[in-house]
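Descriptive structure summary
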Amino acid sequence: MKYITKYKSPNYNLRSRSKIKLIIIHYTALRNTKEAITYLCSKEKKVSAHYLVSQNGLIYNLVNEKFRAWHAGQSFWQDIVDINSFSIGIELDYNPNGKNNKFSPKMISSLKKLILKIKNKYKINKKNILAHSDIAPFRKKDPGKCFPWKSLENEKIISNFQSITKNDTKIIENWFNKYNIRSKKRIIIFALSLIGYDTREVYKNLKNYNRLTTAYKSRYLTKFTYVNQETVYTNIIKHLFKYLLTKN
Ligand SMILES: [Zn+2]
């Protein structure tokens, strides 16, 4: 795979620990690749990503993988708060309100190759290929509800939990029952927390609860036209089952 390496961002520092275990997908919300390069390479902006993928599928390497790029901001995943130290950040030249408001086939094809390469190199678990909105659901929407997760599922780059049956989910439900956790909202929060989401400020804060479930829906439930609490609940139980019982 060929990268364009002529643009470099000064916005990086040393990783606090060396183990890379997450891949974070973003969109730039800027007008085009040129603007994105200028932004991500400007010292004043204090942001960056390891890679930027253009609409025509070119991959720009802006920060060396061994360094800590500044893309995640305040985030959380499975008790990791310094996401930048543990991750590779990939930006897509996409803006939901711009002319670049499509995830072009060339862009997605390059993105898949890039993810696979990073995933194999650092032995990254499928479960750890994440949206910015997964790790910062209270602040961020990217890569948004139009991002083709399905296409990544189809090529087994990420896993899906659609094959999980009612009997399987019974195991999970019985377990919650046994510990007397009965409210669907509590179960949803508990399951999201086990999966990795930040639920620390969610149970008593309805606004945050809604933001968290919105982030979840925008990634996992976009195929449904109407999503109520029951839909969220049923899918999260399946998700948790898959999460707990499969290694990768
Ligand atoms: Zn982002």
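Rules used in this analysis
Residues numbered from 1 in each chain as written. Predicted model: local features only at pLDDT ≥ 70, side-chain atom pairs only at ≥ 80, totals over all residues. Helix = DSSP H or I, 4+ residues; strand = E, 2+ residues; numbered from the N terminus. Rg over C-alpha atoms; globule rule 2.2 N^0.38 Å. Buried ≥ 20, exposed ≤ 12 C-beta atoms within 10 Å, placed from the backbone. Contact = placed C-beta atoms within 7 Å. Core = buried A, V, L, I, M, F, W, Y, C linked by C-beta atoms within 7 Å. Pairing = 2+ DSSP bridges. Expected span 1.5 Å × (residues − 1). Arc of directions from axis to C-beta. Domains from an automatic or database assignment. Nonpolar A, V, L, I, M, F, W, Y, C, P; charged D, E, K, R; others polar.

**Some words on the overall build of the protein**
- Each helix and strand in the protein was counted, giving nine helices and seven strands.
- Over its C-alpha trace the protein gives a radius of gyration of 18 Å, about what one expects of a compact globule, namely 18 Å for 248 residues.
- By the burial criterion, 37% of the 248 residues in the protein qualify as buried.
- Across the protein, contacts joining residues at least 24 apart in sequence account for 69% of those joining residues at least 6 apart.

**A look at the nonpolar core**
- The biggest cluster of nonpolar side chains holds 42 residues, and the ones touching the most others in it are I23, Y51, L52, V53 and I90.
- At the level of elements, strand 2 (22-27), helix 1 (33-40), strand 3 (51-53), strand 4 (59-61), helix 2 (83-86), strand 6 (87-92), helix 3 (105-122) and strand 7 (129-131) are the ones that each hand at least two residues to this core.
- No other element matches the five residues that strand 2 contributes to this core.
- Residue contacts for V53: discarding those within four places in its chain leaves I59, I90, L92, D93, M107, S110, L111 and L114.
- Judged by nonpolar contacts, the second largest core, of 15 residues, contains I172, I188, V202 and F241.

**Some thoughts on the pairing of strand 2**
- Most of strand 2 sits inside the fold, with six of its six residues counted as buried.
- The sheet contact formed by strand 2 and strand 6 spans six bridges and is parallel. In the strand pairing of strand 6, Y27 is matched with L92.
- Here three bridges tie strand 2 to strand 7, and the two strands are oriented parallel to one another. The residue of strand 7 that forms the bridge with I25 is A131.

**Quick notes on unusual backbone geometry**
- Omega for the bond connecting D142 with P143 falls within 30 degrees of zero, at 5°, which places this linkage in the cis form.
- Tracing the backbone shows P143 in the loop between helix 4 (132-135) and helix 5 (149-154).
- Not every positive phi belongs to a glycine, and A29 is a case in point at roughly 60°.
- Within the secondary structure layout, A29 lies in the loop between strand 2 and helix 1.
- A residue is classified by how many C-beta atoms lie within 10 Å of it, and A29, with 18 of them, is partly exposed.
- Of note, the phi angle at N180 is positive, near 60°, even though the residue is not glycine.
- What makes N180 exposed here is the crowd of 6 C-beta atoms within 10 Å.

**Section: helix 3**
- For helix 3, spanning 18 residues, the distance from its first C-alpha to its last is 26 Å, which sits close to the expected 26 Å at 1.5 Å a residue.
- Every buried residue of helix 3 is accounted for by M107, S110, L111, L114 and I115. Considered in projection along helix 3, the buried side chains sweep an arc of 135° and stay on one side of the axis. Exposed side chains of helix 3 directed beyond 90 degrees from the buried face belong to P105, K117 and N120.
- On its buried face, helix 3 sits against strand 2, strand 3, strand 4, strand 6 and strand 7.
- K123 lies just past helix 3 and shows a positive phi near 50°.

**With respect to the pairing of strand 6**
- The buried fraction of strand 6 amounts to six of the six residues, a majority that puts the element mostly inside the structure.
- Looking at chain direction, strand 3 and strand 6 are connected through three bridges and run parallel. Of the residues in strand 6, the one forming a bridge with V53 is L92.

**Describing the domain arrangement of the protein**
- Segmenting the protein into domains produces domain 1 (12-154) and domain 2 (166-245).
- For domain 1 and domain 2, the distance between their C-alpha centroids amounts to 25 Å.
- Between domain 1 and domain 2, the contact holds 13 residues from the first and 11 residues from the second.
- Class assignment for the residues of the side of domain 1 that touches domain 2 results in six nonpolar, three polar and four charged.

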